[in-house]
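# Per-entry structural report
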Amino acid sequence: MGRAPRVGSELSLGDRLHGCKVRWGWGRYDYTVVPGLYALGRPDAGSPVLVTANYKLSFDALRRELKGHNLWLLSLDTNGINVWCAAGKRTFGSETLARAVRSSELAKLVKHRTLILPQLGAPGVSAHLVKRLTGFTVVWGPLRSADLPAFLAAGGRARPAMRRVEFPLRQRAALAPMELMPALKYALPLAALMVAGSWLLAAGGRWGPGLFMAGALLWAAVSGAVAGPLLLPWLPGRAFSAKGLGLGMLAAAIYLAVWPAPPLPAWAAFFLILAVCSFLVMNFTGSSTYTSLSGVRKEMRRYMPWQALGAALALGLWFWALAG
Amino acid sequence: MRPLYLHGVSTLVLDPEKCLGCGSCLPVCPHQILYLANGRIACSERDACMECGACAMNCPVGAVAVEAGVGCAAAVLASAFRRGESGCC
(Lines give C-alpha, C1' and ligand atoms only; values in the text may rest on other atoms or scores of the structure.)
Protein backbone atom coordinates (compact mmCIF):
# COMPACT_ATOMS: atom_id res chain seq x y z
CA MET A 1 0.00 0.00 0.00
CA GLY A 2 2.71 2.40 -1.04
CA ARG A 3 1.12 5.59 -2.25
CA ALA A 4 -1.21 6.56 0.57
CA PRO A 5 0.63 8.49 3.29
CA ARG A 6 0.28 6.89 6.70
CA VAL A 7 -1.12 8.95 9.57
CA GLY A 8 -1.55 8.18 13.25
CA SER A 9 -4.20 9.02 15.82
CA GLU A 10 -1.95 10.99 18.10
CA LEU A 11 -2.17 14.75 17.68
CA SER A 12 1.16 16.46 18.12
CA LEU A 13 1.60 19.52 20.29
CA GLY A 14 1.81 21.53 17.07
CA ASP A 15 -1.49 20.10 15.83
CA ARG A 16 -3.16 21.09 19.07
CA LEU A 17 -1.66 24.58 19.17
CA HIS A 18 -2.64 25.20 15.56
CA GLY A 19 -6.10 23.85 16.35
CA CYS A 20 -6.50 26.46 19.10
CA LYS A 21 -5.15 29.15 16.83
CA VAL A 22 -7.68 28.56 14.03
CA ARG A 23 -10.52 28.49 16.55
CA TRP A 24 -9.64 32.14 17.19
CA GLY A 25 -9.66 32.84 13.46
CA TRP A 26 -5.92 32.94 12.96
CA GLY A 27 -4.91 31.26 9.69
CA ARG A 28 -8.29 29.57 9.61
CA TYR A 29 -8.76 29.71 5.85
CA ASP A 30 -5.36 28.22 5.22
CA TYR A 31 -5.54 25.23 7.55
CA THR A 32 -5.57 22.29 5.18
CA VAL A 33 -4.28 18.81 4.56
CA VAL A 34 -3.29 17.75 1.05
CA PRO A 35 -6.42 16.12 -0.43
CA GLY A 36 -6.20 12.44 -1.23
CA LEU A 37 -6.08 9.01 0.32
CA TYR A 38 -4.45 8.39 3.73
CA ALA A 39 -3.81 5.19 5.64
CA LEU A 40 -4.73 5.37 9.31
CA GLY A 41 -2.91 2.58 11.14
CA ARG A 42 -2.34 -0.44 8.88
CA PRO A 43 -5.39 -0.81 6.64
CA ASP A 44 -5.74 -3.61 4.06
CA ALA A 45 -8.03 -4.41 1.14
CA GLY A 46 -10.90 -5.16 3.50
CA SER A 47 -10.63 -2.04 5.65
CA PRO A 48 -13.42 0.59 5.67
CA VAL A 49 -13.00 3.81 3.71
CA LEU A 50 -14.01 7.03 5.47
CA VAL A 51 -14.50 10.22 3.49
CA THR A 52 -13.84 13.67 4.92
CA ALA A 53 -12.98 17.26 3.95
CA ASN A 54 -9.48 18.70 3.84
CA TYR A 55 -9.92 21.15 6.73
CA LYS A 56 -7.15 20.05 9.06
CA LEU A 57 -9.26 20.66 12.16
CA SER A 58 -11.84 18.15 10.85
CA PHE A 59 -9.18 15.72 9.65
CA ASP A 60 -7.43 15.79 13.03
CA ALA A 61 -10.70 15.29 14.93
CA LEU A 62 -11.42 12.28 12.73
CA ARG A 63 -8.08 10.55 13.19
CA ARG A 64 -8.05 11.29 16.91
CA GLU A 65 -11.43 9.61 17.40
CA LEU A 66 -10.34 6.56 15.41
CA LYS A 67 -7.46 5.59 17.64
CA GLY A 68 -6.64 1.89 17.31
CA HIS A 69 -8.55 1.48 14.04
CA ASN A 70 -7.04 0.49 10.71
CA LEU A 71 -8.80 2.21 7.86
CA TRP A 72 -8.58 4.44 4.82
CA LEU A 73 -9.27 8.16 5.02
CA LEU A 74 -10.21 9.86 1.76
CA SER A 75 -9.84 13.62 2.07
CA LEU A 76 -11.76 15.64 -0.54
CA ASP A 77 -10.52 19.01 -1.75
CA THR A 78 -12.95 21.42 -0.07
CA ASN A 79 -10.50 24.34 0.01
CA GLY A 80 -9.96 23.81 3.71
CA ILE A 81 -13.65 24.20 4.55
CA ASN A 82 -15.39 21.83 6.98
CA VAL A 83 -17.73 19.09 5.73
CA TRP A 84 -21.09 20.72 6.50
CA CYS A 85 -20.31 24.15 5.04
CA ALA A 86 -18.53 22.58 2.07
CA ALA A 87 -21.55 20.35 1.43
CA GLY A 88 -23.73 23.46 1.45
CA LYS A 89 -21.50 24.91 -1.26
CA ARG A 90 -21.28 21.57 -3.09
CA THR A 91 -17.47 21.47 -2.90
CA PHE A 92 -18.01 18.43 -0.71
CA GLY A 93 -20.09 16.95 -3.51
CA SER A 94 -20.83 13.91 -5.62
CA GLU A 95 -18.53 14.93 -8.48
CA THR A 96 -15.63 15.85 -6.16
CA LEU A 97 -16.03 12.49 -4.45
CA ALA A 98 -16.15 10.61 -7.75
CA ARG A 99 -12.97 12.35 -8.92
CA ALA A 100 -11.19 11.52 -5.67
CA VAL A 101 -12.25 7.87 -5.90
CA ARG A 102 -10.86 7.68 -9.43
CA SER A 103 -7.61 9.55 -8.82
CA SER A 104 -6.81 7.54 -5.67
CA GLU A 105 -7.49 4.27 -7.58
CA LEU A 106 -9.52 3.15 -4.62
CA ALA A 107 -11.22 0.37 -6.64
CA LYS A 108 -7.84 -1.36 -7.02
CA LEU A 109 -6.91 -0.84 -3.39
CA VAL A 110 -9.96 -2.29 -1.63
CA LYS A 111 -12.07 -5.35 -2.34
CA HIS A 112 -15.34 -3.96 -0.99
CA ARG A 113 -17.39 -1.21 -2.65
CA THR A 114 -18.51 0.89 0.30
CA LEU A 115 -17.73 4.49 1.26
CA ILE A 116 -18.58 5.77 4.73
CA LEU A 117 -19.50 9.44 4.54
CA PRO A 118 -20.18 11.93 7.32
CA GLN A 119 -23.93 12.49 7.53
CA LEU A 120 -23.43 16.24 7.33
CA GLY A 121 -21.96 15.76 3.84
CA ALA A 122 -25.40 14.80 2.55
CA PRO A 123 -26.49 18.32 1.47
CA GLY A 124 -23.77 18.06 -1.18
CA VAL A 125 -23.61 14.36 -1.96
CA SER A 126 -26.25 12.30 -3.68
CA ALA A 127 -25.75 8.64 -2.73
CA HIS A 128 -27.46 7.28 -5.84
CA LEU A 129 -25.40 9.54 -8.09
CA VAL A 130 -22.16 8.41 -6.43
CA LYS A 131 -23.18 4.79 -6.97
CA ARG A 132 -23.72 5.49 -10.67
CA LEU A 133 -20.48 7.47 -11.04
CA THR A 134 -18.15 5.19 -9.08
CA GLY A 135 -19.84 1.85 -8.37
CA PHE A 136 -19.33 2.50 -4.66
CA THR A 137 -22.25 2.44 -2.23
CA VAL A 138 -22.51 5.36 0.16
CA VAL A 139 -23.13 4.47 3.79
CA TRP A 140 -24.05 7.50 5.91
CA GLY A 141 -21.88 7.59 8.98
CA PRO A 142 -22.84 9.30 12.20
CA LEU A 143 -23.10 13.06 12.45
CA ARG A 144 -20.26 13.42 14.98
CA SER A 145 -16.86 11.80 14.57
CA ALA A 146 -16.93 10.86 18.26
CA ASP A 147 -19.70 8.34 17.45
CA LEU A 148 -17.63 6.60 14.76
CA PRO A 149 -16.12 3.88 16.96
CA ALA A 150 -19.61 2.84 18.15
CA PHE A 151 -20.92 3.10 14.59
CA LEU A 152 -18.14 0.87 13.23
CA ALA A 153 -18.51 -1.60 16.11
CA ALA A 154 -22.22 -1.90 15.29
CA GLY A 155 -21.37 -2.90 11.73
CA GLY A 156 -22.09 0.49 10.20
CA ARG A 157 -25.37 1.22 11.92
CA ALA A 158 -26.11 4.51 13.63
CA ARG A 159 -28.41 4.83 16.62
CA PRO A 160 -31.08 7.55 16.10
CA ALA A 161 -29.30 9.90 18.52
CA MET A 162 -26.20 9.73 16.33
CA ARG A 163 -28.19 11.21 13.45
CA ARG A 164 -29.62 14.26 15.20
CA VAL A 165 -27.69 17.50 15.30
CA GLU A 166 -27.58 19.34 18.60
CA PHE A 167 -26.19 22.60 19.81
CA PRO A 168 -24.95 22.14 23.36
CA LEU A 169 -23.29 24.79 25.48
CA ARG A 170 -19.84 23.33 24.88
CA GLN A 171 -20.17 23.74 21.09
CA ARG A 172 -21.60 27.23 21.40
CA ALA A 173 -18.71 28.19 23.66
CA ALA A 174 -16.20 26.81 21.14
CA LEU A 175 -17.76 29.04 18.47
CA ALA A 176 -17.78 32.24 20.54
CA PRO A 177 -14.17 33.25 19.73
CA MET A 178 -15.02 33.26 16.02
CA GLU A 179 -17.92 35.61 16.76
CA LEU A 180 -15.85 37.85 19.03
CA MET A 181 -12.79 38.32 16.81
CA PRO A 182 -14.64 39.60 13.70
CA ALA A 183 -16.86 41.75 15.95
CA LEU A 184 -13.83 43.35 17.59
CA LYS A 185 -12.25 43.92 14.19
CA TYR A 186 -14.96 46.55 13.62
CA ALA A 187 -15.70 47.55 17.19
CA LEU A 188 -12.14 48.42 18.29
CA PRO A 189 -11.35 50.96 15.53
CA LEU A 190 -14.84 52.42 15.89
CA ALA A 191 -14.37 52.74 19.64
CA ALA A 192 -11.03 54.48 19.12
CA LEU A 193 -12.74 56.83 16.67
CA MET A 194 -15.42 57.63 19.24
CA VAL A 195 -12.87 58.51 21.91
CA ALA A 196 -10.89 60.68 19.51
CA GLY A 197 -14.07 62.22 18.07
CA SER A 198 -15.51 63.21 21.40
CA TRP A 199 -12.19 64.67 22.51
CA LEU A 200 -12.19 66.84 19.40
CA LEU A 201 -15.89 67.73 19.44
CA ALA A 202 -16.58 68.19 23.13
CA ALA A 203 -15.48 71.52 24.43
CA GLY A 204 -12.45 71.44 26.64
CA GLY A 205 -11.14 68.15 25.29
CA ARG A 206 -13.01 65.90 27.70
CA TRP A 207 -12.33 62.15 27.53
CA GLY A 208 -15.39 61.07 29.51
CA PRO A 209 -18.17 61.11 26.87
CA GLY A 210 -15.99 59.30 24.33
CA LEU A 211 -14.87 56.63 26.77
CA PHE A 212 -18.46 56.11 27.93
CA MET A 213 -19.74 55.50 24.38
CA ALA A 214 -16.70 53.48 23.29
CA GLY A 215 -17.12 51.35 26.41
CA ALA A 216 -20.78 50.78 25.53
CA LEU A 217 -19.79 49.65 22.04
CA LEU A 218 -17.15 47.20 23.27
CA TRP A 219 -19.46 45.92 26.00
CA ALA A 220 -22.15 45.36 23.34
CA ALA A 221 -19.66 43.52 21.11
CA VAL A 222 -18.60 41.19 23.91
CA SER A 223 -22.19 40.66 25.06
CA GLY A 224 -23.53 39.93 21.57
CA ALA A 225 -20.61 37.79 20.42
CA VAL A 226 -19.94 35.82 23.60
CA ALA A 227 -22.98 35.97 25.90
CA GLY A 228 -25.28 35.65 22.86
CA PRO A 229 -23.99 32.22 21.81
CA LEU A 230 -23.71 31.01 25.41
CA LEU A 231 -27.22 32.09 26.45
CA LEU A 232 -28.88 31.35 23.09
CA PRO A 233 -31.52 28.78 24.18
CA TRP A 234 -32.56 30.87 27.17
CA LEU A 235 -32.96 34.16 25.31
CA PRO A 236 -36.64 34.82 24.52
CA GLY A 237 -37.96 34.62 20.96
CA ARG A 238 -37.25 32.42 17.97
CA ALA A 239 -35.60 34.96 15.66
CA PHE A 240 -31.94 35.45 16.60
CA SER A 241 -32.33 39.24 16.18
CA ALA A 242 -35.08 39.17 18.79
CA LYS A 243 -32.90 37.10 21.10
CA GLY A 244 -30.22 39.76 20.59
CA LEU A 245 -32.67 42.52 21.55
CA GLY A 246 -33.47 40.79 24.82
CA LEU A 247 -29.80 40.27 25.49
CA GLY A 248 -29.14 43.92 24.60
CA MET A 249 -31.64 45.16 27.19
CA LEU A 250 -29.94 43.06 29.85
CA ALA A 251 -26.48 44.19 28.75
CA ALA A 252 -27.54 47.85 28.63
CA ALA A 253 -29.09 47.63 32.10
CA ILE A 254 -25.84 46.20 33.48
CA TYR A 255 -23.72 48.80 31.71
CA LEU A 256 -25.77 51.75 32.93
CA ALA A 257 -25.89 50.35 36.46
CA VAL A 258 -22.10 50.09 36.51
CA TRP A 259 -21.49 53.40 34.73
CA PRO A 260 -24.33 55.86 35.49
CA ALA A 261 -24.67 58.73 33.04
CA PRO A 262 -26.97 61.72 32.36
CA PRO A 263 -30.12 60.85 30.37
CA LEU A 264 -28.87 61.87 26.91
CA PRO A 265 -25.68 59.76 26.74
CA ALA A 266 -27.42 57.00 28.73
CA TRP A 267 -30.14 56.68 26.06
CA ALA A 268 -27.46 56.82 23.36
CA ALA A 269 -25.63 53.90 25.00
CA PHE A 270 -28.90 52.03 25.50
CA PHE A 271 -29.85 52.17 21.81
CA LEU A 272 -26.31 51.40 20.69
CA ILE A 273 -26.09 48.27 22.85
CA LEU A 274 -29.52 47.10 21.68
CA ALA A 275 -28.68 47.55 18.00
CA VAL A 276 -25.25 45.95 18.22
CA CYS A 277 -26.42 42.96 20.29
CA SER A 278 -29.35 42.31 17.96
CA PHE A 279 -27.09 42.45 14.92
CA LEU A 280 -24.39 40.23 16.41
CA VAL A 281 -26.77 37.53 17.61
CA MET A 282 -28.43 37.65 14.17
CA ASN A 283 -24.98 36.98 12.74
CA PHE A 284 -24.71 33.86 14.87
CA THR A 285 -27.36 32.20 12.64
CA GLY A 286 -24.56 31.08 10.32
CA SER A 287 -22.82 29.20 13.11
CA SER A 288 -25.97 27.67 14.54
CA THR A 289 -27.23 24.21 13.65
CA TYR A 290 -30.89 24.90 13.04
CA THR A 291 -31.50 28.11 11.08
CA SER A 292 -32.84 28.02 7.52
CA LEU A 293 -32.10 30.43 4.70
CA SER A 294 -35.80 31.37 4.35
CA GLY A 295 -35.96 32.12 8.05
CA VAL A 296 -32.75 34.15 8.09
CA ARG A 297 -33.95 36.24 5.13
CA LYS A 298 -37.25 36.85 6.89
CA GLU A 299 -35.71 37.99 10.16
CA MET A 300 -33.14 40.17 8.38
CA ARG A 301 -35.89 41.97 6.47
CA ARG A 302 -37.84 42.44 9.66
CA TYR A 303 -35.13 43.41 12.14
CA MET A 304 -32.32 45.09 10.21
CA PRO A 305 -34.24 48.37 9.71
CA TRP A 306 -34.72 48.53 13.50
CA GLN A 307 -31.05 47.76 14.11
CA ALA A 308 -30.09 50.58 11.73
CA LEU A 309 -32.59 52.92 13.40
CA GLY A 310 -31.19 52.05 16.82
CA ALA A 311 -27.63 52.75 15.73
CA ALA A 312 -28.64 56.05 14.07
CA LEU A 313 -30.59 57.12 17.14
CA ALA A 314 -27.62 56.26 19.35
CA LEU A 315 -25.22 58.34 17.29
CA GLY A 316 -27.69 61.22 17.04
CA LEU A 317 -28.28 61.34 20.79
CA TRP A 318 -24.59 61.05 21.47
CA PHE A 319 -23.71 63.96 19.15
CA TRP A 320 -26.46 65.95 20.82
CA ALA A 321 -24.95 65.14 24.21
CA LEU A 322 -21.50 66.16 22.96
CA ALA A 323 -22.79 69.44 21.56
CA GLY A 324 -24.81 70.24 24.67
CA MET B 1 -35.91 19.91 23.93
CA ARG B 2 -35.46 20.75 20.25
CA PRO B 3 -34.64 24.38 19.47
CA LEU B 4 -37.07 25.63 16.83
CA TYR B 5 -36.46 28.47 14.41
CA LEU B 6 -39.10 30.68 12.80
CA HIS B 7 -42.57 29.24 12.35
CA GLY B 8 -43.88 28.40 8.88
CA VAL B 9 -40.97 29.49 6.70
CA SER B 10 -39.52 26.18 5.46
CA THR B 11 -39.79 25.60 1.70
CA LEU B 12 -39.80 21.80 2.14
CA VAL B 13 -42.33 20.13 -0.17
CA LEU B 14 -43.05 16.42 -0.01
CA ASP B 15 -44.79 14.49 -2.78
CA PRO B 16 -46.02 11.19 -1.32
CA GLU B 17 -47.44 10.26 -4.75
CA LYS B 18 -43.94 10.14 -6.25
CA CYS B 19 -42.33 8.55 -3.19
CA LEU B 20 -41.09 4.99 -3.63
CA GLY B 21 -40.59 4.48 0.09
CA CYS B 22 -36.89 3.68 -0.40
CA GLY B 23 -35.95 5.61 2.75
CA SER B 24 -32.83 7.23 1.27
CA CYS B 25 -33.82 10.60 2.71
CA LEU B 26 -34.39 9.35 6.26
CA PRO B 27 -30.83 8.97 7.59
CA VAL B 28 -29.49 12.21 6.09
CA CYS B 29 -31.87 14.66 7.82
CA PRO B 30 -29.86 16.35 10.60
CA HIS B 31 -33.03 17.01 12.59
CA GLN B 32 -34.57 13.58 11.91
CA ILE B 33 -37.98 14.93 11.03
CA LEU B 34 -38.73 12.65 8.07
CA TYR B 35 -40.40 9.26 8.40
CA LEU B 36 -42.38 6.82 6.32
CA ALA B 37 -46.14 6.68 6.88
CA ASN B 38 -47.58 3.61 5.16
CA GLY B 39 -44.46 3.43 3.02
CA ARG B 40 -44.66 7.07 1.91
CA ILE B 41 -42.62 10.10 2.96
CA ALA B 42 -43.96 12.29 5.75
CA CYS B 43 -42.63 15.04 8.01
CA SER B 44 -43.10 15.24 11.76
CA GLU B 45 -42.01 18.84 12.45
CA ARG B 46 -41.78 21.26 9.54
CA ASP B 47 -40.54 24.14 11.70
CA ALA B 48 -37.42 22.09 12.52
CA CYS B 49 -36.43 21.97 8.83
CA MET B 50 -33.29 24.04 8.18
CA GLU B 51 -33.46 23.67 4.40
CA CYS B 52 -30.03 22.03 4.17
CA GLY B 53 -31.22 20.09 1.14
CA ALA B 54 -29.79 16.71 2.13
CA CYS B 55 -33.16 14.94 1.69
CA ALA B 56 -33.85 16.39 -1.76
CA MET B 57 -30.26 15.64 -2.81
CA ASN B 58 -30.71 12.01 -1.89
CA CYS B 59 -34.19 11.35 -3.25
CA PRO B 60 -33.79 9.36 -6.48
CA VAL B 61 -37.26 10.27 -7.80
CA GLY B 62 -37.71 13.91 -6.82
CA ALA B 63 -40.38 13.27 -4.22
CA VAL B 64 -38.71 15.73 -1.85
CA ALA B 65 -38.02 19.32 -2.86
CA VAL B 66 -36.64 22.24 -0.90
CA GLU B 67 -35.04 25.56 -1.76
CA ALA B 68 -31.75 24.56 -0.23
CA GLY B 69 -29.40 27.11 1.24
CA VAL B 70 -27.39 28.00 4.30
CA GLY B 71 -29.16 29.97 7.01
CA CYS B 72 -26.36 32.44 7.55
CA ALA B 73 -26.96 36.17 7.92
CA ALA B 74 -23.32 37.00 7.13
CA ALA B 75 -23.57 35.09 3.85
CA VAL B 76 -26.84 36.83 2.95
CA LEU B 77 -25.20 40.22 3.63
CA ALA B 78 -22.07 39.28 1.70
CA SER B 79 -24.04 38.17 -1.33
CA ALA B 80 -26.16 41.34 -1.12
CA PHE B 81 -22.97 43.38 -1.39
CA ARG B 82 -21.69 40.98 -4.09
CA ARG B 83 -18.52 40.13 -2.29
CA GLY B 84 -18.62 36.58 -3.58
CA GLU B 85 -17.15 34.66 -0.68
CA SER B 86 -19.45 34.40 2.28
CA GLY B 87 -18.56 35.27 5.83
CA CYS B 88 -19.65 31.82 6.97
CA CYS B 89 -17.23 28.93 7.32
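In this text the structure is predicted, and so the values were computed from the model without any measurement.

## Section: the overall build of chain A
Scanning chain A from terminus to terminus reveals twelve helices and six strands. Dimensions along the principal axes, computed over C-alpha positions, put chain A at roughly 80 × 35 × 30 Å. Relative to its full complement of 324 residues, chain A shows a buried share of 50%. Accessible surface, chain A: about 15100 Å² in total, of which carbon and sulfur atoms supply 66%. Between the averaged position of the 35 positive side-chain charges in chain A and that of its 13 negative side-chain charges there is a distance of 6 Å.

## Re the overall build of chain B
Across its full length, chain B carries two helices and four strands. Counted from the first residue to the last, chain B has its helices and strands arranged as β-β-β-α-β-α. In terms of overall dimensions, chain B has C-alpha extents of about 45 × 30 × 20 Å along its principal axes. When contacts within chain B are restricted to residue pairs at least 6 apart in sequence, long-range pairs at least 24 apart make up 47% of them. Carbon and sulfur atoms provide 54% of the accessible area of chain B, an area that totals close to 4400 Å². Side-chain charges of chain B comprise 6 positive and 7 negative groups, with the mean position of each set lying 4 Å from the other.

## Quick word on the pairing of strand β3 (residues 49-52) of chain A
Residues and elements named next belong to chain A. A two-sided burial pattern is seen for β3, the buried positions comprising Val49 and Val51 on one face and Leu50 and Thr52 on the other. Pairing between β3 and strand β4 (residues 71-75): four bridges, direction parallel. Paired with Leu50 across the strands is Leu73, a residue of β4. The parallel pair β3 and β4, bridged by helix α2 (residues 56-65), forms a crossover whose chirality is right-handed.

## Points about the domain arrangement of chain A
Residues and elements named next belong to chain A. Under the domain assignment used here, chain A contains domain 1 (6-163) and domain 2 (169-323). Look at where the C-alpha atoms of domain 1 and domain 2 centre, and you get two points 39 Å apart. Tallying the contact residues gives six residues for domain 1 and five residues for domain 2. A combined buried area of about 570 Å² lies between domain 1 and domain 2, and 71% of that area is made up of carbon and sulfur atoms. Counting the surface domain 1 buries against domain 2, the share from its top three residues, Arg23, Trp24 and Trp84, is 77%. Joining domain 1 to domain 2, the criterion identifies zero salt bridges.

## A look at the interface of chain A and chain B
Every contact between the two is made by 43 residues of chain A and, on the other side, 38 residues of chain B. Taken together, the two surfaces of chain A and chain B that pack against each other cover about 3500 Å², and 64% of this comes from carbon and sulfur. Between the two partners, chain A and chain B, sit one salt bridge. A:Arg238 is paired through a salt bridge with B:Asp47; the nearest N and O atoms lie 3.5 Å apart. Linking chain A with chain B are 16 residue pairs in polar contact (both at pLDDT 80 or more), by the criterion used here. Elements represented by at least two residues in the side of chain A that touches chain B include exactly α3 (83-88), α6 (127-134), α11 (263-283) and α12 (293-323) of chain A. Looking at the side of chain A that touches chain B element by element, the count peaks at eight residues for α12(A).

## Some remarks on a nonpolar patch on the surface
A contiguous nonpolar patch, built from A:Trp199, A:Leu200, A:Leu201, A:Trp207, A:Leu211, A:Trp219, A:Leu250, A:Ile254, A:Val258, A:Trp259, A:Leu315 and A:Phe319 and spanning about 1200 Å² of accessible area, is present on the exposed surface. Broken down by secondary-structure element, the contributors of at least two residues to the nonpolar patch are α8 (169-201), α9 (208-231), α10 (240-258) and α12 of chain A.

## Notes on α8(A)
At A:Leu184, α8(A) shows its maximal kink, close to 35°. Along α8(A), the positions that sit buried rather than exposed are A:Arg172, A:Ala176, A:Pro177, A:Glu179, A:Leu180, A:Ala183, A:Ala187, A:Ala191, A:Met194, A:Val195 and A:Ser198.

## Details of the packing of α8(A) against α12(A)
Residues and elements named next belong to chain A. At a minimum axis distance of 10 Å, the contact between α8 and α12 shows a crossing angle of 35°. Considering only the axes of α8 and α12, their crossing is right-handed. Here Met194, Ser198 and Leu201 of α8 lie close against α12, whose contacting residues are Leu315, Trp318, Phe319 and Leu322. Here the residues of the contact of α8 with α12 are counted per class, giving six nonpolar, one polar and no charged.

## As for the nonpolar core
Taken as a class, soluble globular proteins show a tendency for nonpolar side chains to be buried jointly. Within the largest apolar cluster, 50 residues are counted, with the highest numbers of intra-cluster contacts made by A:Leu272 and A:Ile273. Going through the elements one at a time, α8, α9, α10, α11 and α12 of chain A together with α2 (73-80) of chain B are the ones with two or more residues in this core. The element contributing the most residues to this core is α11(A), with nine residues. The residues contacting A:Leu272, other than those within four sequence positions of it, are A:Met194, A:Met213, A:Ala216, A:Leu217 and A:Ala314. Counting 38 residues, the second-largest nonpolar core is a separate cluster that includes A:Ala53, A:Ile81, A:Trp84 and B:Cys52.

## Thoughts on the pairing of strand β2 (residues 34-37) of chain B
Consecutive side chains along a regular strand alternate between the two faces of the sheet. Across four bridges, β2(B) lies against strand β3 (residues 40-43) of chain B in antiparallel orientation. Its bridge partner lying in β3(B), B:Ala37 is registered against B:Arg40.

## Considering the side chain of B:Asn58
Secondary-structure assignment places B:Asn58 in the loop between α1 (54-57) and β4 (64-65). Under the relative-accessibility criterion, B:Asn58 is labelled buried at 1%.

Quick notes on the rules
- Residues numbered from 1 in each chain as written.
- Chains lettered and ligands numbered in written order.
- Predicted model: local features only at pLDDT ≥ 70, side-chain atom pairs only at ≥ 80, totals over all residues.
- Heavy atoms only, no water.
- Helix = DSSP H or I, 4+ residues; strand = E, 2+ residues; numbered from the N terminus.
- Buried < 20%, exposed > 50% of the residue type's maximum accessible area, 1.4 Å probe, protein only.
- Areas by Shrake-Rupley, 256 points an atom, 1.4 Å probe, with all protein chains shown as cover.
- Lys, Arg positive; Asp, Glu negative; His and termini not counted.
- Charge placed at Lys NZ, Arg CZ, Asp CG, Glu CD.
- Contact = heavy atoms within 4.5 Å.
- Pairing = 2+ DSSP bridges.
- Right-handed = clockwise from strand over helix to strand, strands pointing away.
- Domains from an automatic or database assignment.
- Buried area = accessible area lost by both parts, 1.4 Å probe.
- Salt bridge = Lys/Arg side-chain N within 4 Å of Asp/Glu carboxyl O.
- Polar contact = N/O pair within 3.5 Å; in protein donor to acceptor, adjacent residues only side chain to side chain.
- Patch = residues over 30% accessible without salt bridge, like charges linked within 9 Å, V, L, I, M, F, W, Y side chains within 5 Å.
- Bend = angle between axes of the 7 residues up to and from the residue.
- Axes fitted to C-alpha atoms, helices over the stretch in contact; angles between N-to-C directions.
- Left-handed = near helix turned anticlockwise from the far one by under 90°.
- Nonpolar A, V, L, I, M, F, W, Y, C, P; charged D, E, K, R; others polar.
- Core = buried A, V, L, I, M, F, W, Y, C linked by side-chain atoms within 4.5 Å.

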